[in-house]
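Secondary and tertiary structure notes
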Protein chains: 2
Amino acid sequence: MTGEALPPEAAWFDSWRGIVFTHARMLDEIGRRLEQHSGISLAFLDVLGRLYDAPDRRLRMQELQRRSLFTRSGMTRVVDRIEEAGLVQRERVPGDRRGVWVVITSKGVRTYEAAMRRHTRDIEEVFGGTMSEAEHRAVGDALWWAWHDEEPVAPPA
Amino acid sequence: MTGEALPPEAAWFDSWRGIVFTHARMLDEIGRRLEQHSGISLAFLDVLGRLYDAPDRRLRMQELQRRSLFTRSGMTRVVDRIEEAGLVQRERVPGDRRGVWVVITSKGVRTYEAAMRRHTRDIEEVFGGTMSEAEHRAVGDALWWAWHDEEPVAPPA
DNA sequence: CTACAGTAGTTGACAAGACAGATACTTTCA
DNA sequence: TGAAAGTATCTGTCTTGTCAACTACTGTAG
């Protein structure tokens, strides 16, 4: 991603660099704004979103983990913190005493809705104007697979 | 970045999600491979690349910091570690006793060249096949600004 | 039943970064 | 010349996330 060393002039190289640089340049600012106006991190927003969208506003740890980019233990920690903030709550799963439901609280719902509204506006402000509508559409279409295709892209080696 | 809550159907929203998801799904695997075959992290590669491309193979800490994608803060620590690995070396700047040159060593050059060759191949393998050539080109063109435009995109608030 | 493999989640130890002061110089200007 | 302000880098400390090991339970097979 860096090093203009010996790069082949292949199309994928430029598109990769574009993605990496765009991501790096936008995410900081967007995360900072989220933190500022809603007091939560992007990781929180992500988890809250999964729960918000889940049937019955709840998911098992494993579900949560599979749908996000965290490892198992990472998710434990994140949920710990979100729980401390009172935005989610752990509940026992009837019939499986190993398991845990993570349930979004009503405070969590309120926080998520408000945060998401402003977050969406942030993205528009920070990122929306960087390209024409046609370009945005081209990128969106080309990268559609990334969030619709459930398969991991590469084998875990 | 998640939460299919109340998102406007704006074009920029999908393109943003595409970028975030693609980045997340690719970077892990690519970083893992880099670590595996070359024993360095993406942060190392990034820094080594900046130095490799710099006139005289050296940069001041501040330059390095400003140009780095992966570590916008804490360059001291990163350089500490790269130096421990023998890939760079700190030198005094004649005429400014506050300053430090970070110079890539010959071992650093060798490591960087080999790592970058394989890294490029990794990107091709992991990312190249996810889209058609036309799509790659479309994304690359649309995101061209991200790595050519020097300005930070949003004011530091 | 009971032993054993498998599953769910947490914990301890640690690595990487972020942030807010320190520290050590340099420059400016009265 | 001698503050005072500015610059370059480092340090202490906290946060976040990973990995490997651990606890606790479940399901299955003899």
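Structure report, in brief.

Definitions and cut-offs
Residues numbered from 1 in each chain as written. Chains lettered and ligands numbered in written order. Predicted model: local features only at pLDDT ≥ 70, side-chain atom pairs only at ≥ 80, totals over all residues. Heavy atoms only, no water. Helix = DSSP H or I, 4+ residues; strand = E, 2+ residues; numbered from the N terminus. Buried < 20%, exposed > 50% of the residue type's maximum accessible area, 1.4 Å probe, protein only. Contact = heavy atoms within 4.5 Å. Near = heavy atom within 4 Å. Polar contact = N/O pair within 3.5 Å; in protein donor to acceptor, adjacent residues only side chain to side chain. Nonpolar A, V, L, I, M, F, W, Y, C, P; charged D, E, K, R; others polar. Pairing = 2+ DSSP bridges. Axes fitted to C-alpha atoms, helices over the stretch in contact; angles between N-to-C directions. Salt bridge = Lys/Arg side-chain N within 4 Å of Asp/Glu carboxyl O. Left-handed = near helix turned anticlockwise from the far one by under 90°. Phe/Tyr/Trp six-rings, centres within 6.5 Å; stacked < 30°, edge-to-face > 60°. Lys NZ or Arg CZ within 6 Å of the ring centre and 35° of its normal.

**Considering the overall build of chain A**
Helix and strand counts for chain A stand at six helices and three strands. Starting at the N terminus and ending at the C terminus, chain A contains elements arranged as α-α-β-α-α-β-β-α-α. Per-residue burial over chain A gives 50% buried out of 157 residues. Nonlocal contacts in chain A, meaning residues at least 24 apart in sequence, comprise 48% of its contacts between residues at least 6 apart.

**Some points on the protein's contact with DNA strand C**
Near DNA strand C lie 19 residues; those nearest to it are Ser 73, Arg 77 and Arg 90 of chain A together with Ser 73 and Arg 81 of chain B. Within the side chain of Arg 72 of chain A, an N or O atom sits 3.5 Å from a base oxygen of DNA strand C. Elements supplying a minimum of two residues to the surface near DNA strand C: helix H3 (61–67), helix H4 (72–84) and strand S3 (96–104) of chain A together with helix H4 (75–84) and strand S3 (96–104) of chain B. At four residues, the largest contribution of residues to the surface near DNA strand C is made by H4 of chain A. When grouped by side-chain class, the residues that make up the surface near DNA strand C number four nonpolar, five polar and ten charged.

**Structural notes on the protein's contact with DNA strand D**
Neighbouring DNA strand D are 19 residues; Ser 73, Arg 77 and Arg 81 of chain A together with Arg 77 and Val 100 of chain B lie closest to it. Expressed as a percentage, the sugar and phosphate content of the atoms of DNA strand D within 4 Å of the protein is 67%. Within the contact set of DNA strand D, a phosphate oxygen lies 3.2 Å away from a side-chain nitrogen or oxygen of Arg 60 of chain B. Of all the secondary structure elements, the ones that give two or more residues to the surface near DNA strand D are H4 and S3 of chain A together with helix H3 (61–67), H4 and S3 of chain B. The element that contributes the greatest number of residues to the surface near DNA strand D is H4 of chain A, accounting for five residues. Considering only residue class, the surface near DNA strand D consists of four nonpolar, six polar and nine charged.

**Let's talk about the sheet that holds S3 of chain B**
All names here are of chain B. Here three strands make up an open sheet; going across it, the order is S1-S3-S2 and the pairing antiparallel. Two strands bound the open sheet, and with one partner strand each, they are strand S1 (58–60) and strand S2 (88–93). Here the strands of the sheet are splayed against their neighbours by 30° on average, with no regard to which way each runs. Sheet topology places S1 next to S3; three bridges connect them, and they run antiparallel. Among the inter-strand pairings, Leu 59 is bridged to a residue of S3, identified as Val 102. Here helix H2 (residues 42–53) sits on the sheet and contacts S1, S2 and S3; the angle it forms with S3, its principal contact strand, is near 100°. The sheet contacts of H4 involve S2 and S3, and relative to S2 the element is tilted by about 120°.

**Concerning the pattern of salt bridges**
All names here are of chain A. Enumeration over the complete set of coordinates arrives at 28 salt bridges over all chains. With its nearest N and O atoms 3.6 Å apart, the salt bridge here joins Asp 96 to Arg 60. Of this pair, Asp 96 sits in strand S3 while Arg 60 is found in strand S1 (residues 58–60), placing the two residues 36 residues apart along the sequence. For the residue pair Asp 96 and Arg 60, the accessibility class agrees, reading buried in each case. One connected set of salt bridges, linked through shared partners, spans Glu 29, Arg 32, Arg 33, Asp 122 and Glu 125.

**Digging into the packing of H2 of chain B against helix H5 (residues 106–127) of chain B**
Axis angle and axis distance: for two packed helices, these are the angle between their axes and the distance between the axes, and together they describe the pair. Residues and elements named next belong to chain B. Interhelical geometry of H2 versus H5 gives an angle of 115° and a closest axis separation of 10 Å. The hand of the H2/H5 crossing is left-handed. Between H2 and H5, the contacting residues are Leu 42, Leu 45, Leu 48, Gly 49 and Tyr 52 on the first element and Gly 108, Val 109, Tyr 112, Glu 113, Ala 115, Met 116 and His 119 on the second. Looking at the contact of H2 with H5 residue by residue, the classes come out as eight nonpolar, three polar and one charged.

**Remarks on the packing of aromatic side chains**
Evaluated as defined, the whole model comprises eight aromatic pairs over all chains. Look at Trp 12 of chain A and Phe 13 of chain A: their rings are 5.7 Å apart centre to centre, the planes differ by 70°, and that puts the pair in the edge-to-face class. Accessibility classification places Trp 12 of chain A together with Phe 13 of chain A in one group, the buried group. Measuring from ring centre to ring centre gives 4.7 Å for Tyr 52 of chain A and Tyr 112 of chain A, while their planes differ by 45°; the resulting arrangement is tilted. Taken as a pair, Tyr 52 of chain A in helix H2 (residues 42–53) and Tyr 112 of chain A in helix H5 (residues 106–127) lie far apart in primary sequence, 60 residues in all. On the basis of relative accessible area, Tyr 52 of chain A is assigned to the buried category, the value being 14%. Across from the ring centre of Tyr 52 of chain A, 4.2 Å away, lies the NZ or CZ of Arg 57 of chain A, which sits over that ring. We note Arg 58 of chain B situated over the ring of Trp 101 of chain B; from NZ or CZ to the ring centre the distance is 5.8 Å.

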